[in-house]
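# Architecture at a glance
Here are the chains, one letter per residue:
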Amino acid sequence: NFLTPFGVIQAQLAGHWFKRRGVSLDHLYSSNLNRARHTMAVVLHESDWQRPWVNMPALNELSDPDDPEEEARVRGAFHNIFTTWTEGNVLIISHYHSMQVIFDYLPVERKNIASHGGKHVSNGVVFMWDPEPEKNWQITTPDLHWIGEQT
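Residues numbered from 1 in each chain as written. Predicted model: local features only at pLDDT ≥ 70, side-chain atom pairs only at ≥ 80, totals over all residues. Heavy atoms only, no water.

### Quick word on the packing of aromatic side chains
Taken as a whole and assessed by the stated rule, the structure comprises two aromatic pairs. Taking the centre distance of 5.7 Å and the plane angle of 75 degrees together, the rings of Trp17 and Phe18 count as edge-to-face. Just as Trp17 is buried, Phe18 falls in that class too. (Phe/Tyr/Trp six-rings, centres within 6.5 Å; stacked < 30°, edge-to-face > 60°. Buried < 20%, exposed > 50% of the residue type's maximum accessible area, 1.4 Å probe, protein only.)

### Some points on the environment of Ser31
By secondary structure assignment, the location of Ser31 is in the loop between β1 (27–30) and α2 (34–46). Each C-alpha atom, one on Ser31 and one on Leu59, is 4.6 Å from the other, the two residues being 28 residues apart in sequence. Excluding residues within four positions of it along the chain, Ser31 makes contact with Ala36, Arg37, Asn55, Met56, Leu59, Asn60, Ile93, Ser94 and His95. For Ser31, the side chain forms a polar contact with the side chain of His95, separated by 2.7 Å. (Helix = DSSP H or I, 4+ residues; strand = E, 2+ residues; numbered from the N terminus. Contact = heavy atoms within 4.5 Å. Polar contact = N/O pair within 3.5 Å; in protein donor to acceptor, adjacent residues only side chain to side chain.)

### Some details on the nonpolar core
Core analysis: the biggest nonpolar cluster contains 15 residues, and Phe18, Leu25, Leu28, Met40, Val43, Leu91 and Ile93 have the highest contact counts within it. When residues of this core are traced back to their parent elements, those giving at least two are α1 (5–21), α2 and β3 (90–93). For this core, the leading source of residues is α2, giving five residues. The contact partners of Leu91, leaving out residues within four places of it in the chain, are Phe18, Leu25, His27, Leu28, Tyr29, Met40 and Val43. The next biggest cluster of nonpolar side chains, apart from the first, holds 14 residues, and it includes Leu59, Ile81, Val101 and Leu106. (Core = buried A, V, L, I, M, F, W, Y, C linked by side-chain atoms within 4.5 Å.)

### Notes on the pattern of salt bridges
Inspection of the entire model under this criterion finds three salt bridges. Between Arg73 and Glu70 there is a salt bridge, and its shortest N-O distance comes to 2.8 Å. With Arg73 and Glu70 both in helix α3 (residues 68–84), this residue pair falls three residues apart, about one helical turn. For Arg73, a relative accessible area of 23% puts it in the partly exposed group. Two residues, Arg75 and Glu71, come together in a salt bridge whose shortest N-O distance is 3.5 Å. On the criterion of helical spacing, the pair formed by Arg75 and Glu71 is a turn pair, its members being four residues apart in helix α3. (Salt bridge = Lys/Arg side-chain N within 4 Å of Asp/Glu carboxyl O.)

### A few points about α2
The end-to-end C-alpha distance of α2, which contains 13 residues, comes to 18 Å, matching closely the 18 Å that a straight helix rising 1.5 Å per residue would cover. Taken together, the buried positions of α2 are occupied by Ala36, Thr39, Met40, Val42, Val43, Leu44 and Glu46. Asp48 sits one or two positions beyond α2 and adopts a positive phi of about 65 degrees. (Expected span 1.5 Å × (residues − 1).)

Shown next as structure tokens:
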């Protein structure tokens, strides 16, 4: 499946958000499912970045969110990304349940990055982390004001 029209708007907002803030994307990863690849293409187009990225089947959606082997697959992929990146910004585009596994793997209390008592991170949300000690984890929904400017 490809993105819904609303999913395209969310990806456009994310790409515009990166561009407007001057965020450079140095390492790019997505699941190899159509929705994630389509999202990456839209984000990169909107942020004026046309470059290749790594499609990782290990970042695909979990077929069973309660299966420990499925969770281990996603944790392993994220561990490989997290331990090999030494500088620059990383963009990971995956799917709801896979991203929940990744958020659980991050070295921060989940309540600080998610809503509803730390249980939920919405689709279409830009999540940025700066590992410098004086900076905090952030979860940000790109603003919708620019949509009106495009019409």
